[in-house]
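Tertiary structure, described
These are the residues of each chain, in order.
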Amino acid sequence: MSDYSYIPIQKELIPYQFDITLEGRTFTFFMRYNAKHDFFTIDLFRGDELIVAGEKIVYGRLLFLNQRHLDVPRINIIPYDLALNENRVTWDNLNDTVFLWIPNGGMEDV
């Protein structure tokens, strides 16, 4: 995936938020973790406006795909393991073997 970079996630800070510029627009990702069921979610904001609440990070599925009618980034963000050893996103593998991949040029700041 040389044409891709990834969005770094700081799991030790969760729950936490960070700003990211995608397609020339700044969004805020608020990361959460459900320890009981071992999955992550993202709340997506633009400014103070909540756009998407609780988007579950699912392995191999584009983020915000079902909310493209809203003001979400149209850039593809996909949780994926380049070695193809994983089949789900977990605490142990996120930002270790599974990363939130994004096409180069789509992300300006993290």
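Placed above this text is the structure.
The notes below deal with the structure included here. Every value quoted in this text rests on a predicted model; they were computed, and no experiment measured them. (Residues numbered from 1 in each chain as written. Predicted model: local features only at pLDDT ≥ 70, side-chain atom pairs only at ≥ 80, totals over all residues. Heavy atoms only, no water.)

Scanning the model with the defined rule gives ten aromatic pairs in all. When the centroid spacing of 5.9 Å and the interplanar angle of 65° are considered together, the rings of F99 and W101 count as edge-to-face. The class for F99 is buried, based on a relative accessible area of 14%. Each residue in the set Y16, F18, F29 and F64 is aromatic and connected to the rest through ring pairs, giving one cluster. When the ring centre of W91 is taken as origin, the NZ or CZ atom of K11, which lies over that ring, is 5.2 Å away. (Phe/Tyr/Trp six-rings, centres within 6.5 Å; stacked < 30°, edge-to-face > 60°. Buried < 20%, exposed > 50% of the residue type's maximum accessible area, 1.4 Å probe, protein only. Lys NZ or Arg CZ within 6 Å of the ring centre and 35° of its normal.)

Residue placement: P73 occurs in the loop between β5 (49-56) and β6 (78-80). In this structure, the C-alpha to C-alpha distance between P73 and L22, residues 51 residues apart in sequence, is 6.5 Å. Excluding residues within four positions of it along the chain, P73 makes contact with L22, E23, R25, F27, L44, F64 and R68. (Helix = DSSP H or I, 4+ residues; strand = E, 2+ residues; numbered from the N terminus. Contact = heavy atoms within 4.5 Å.)

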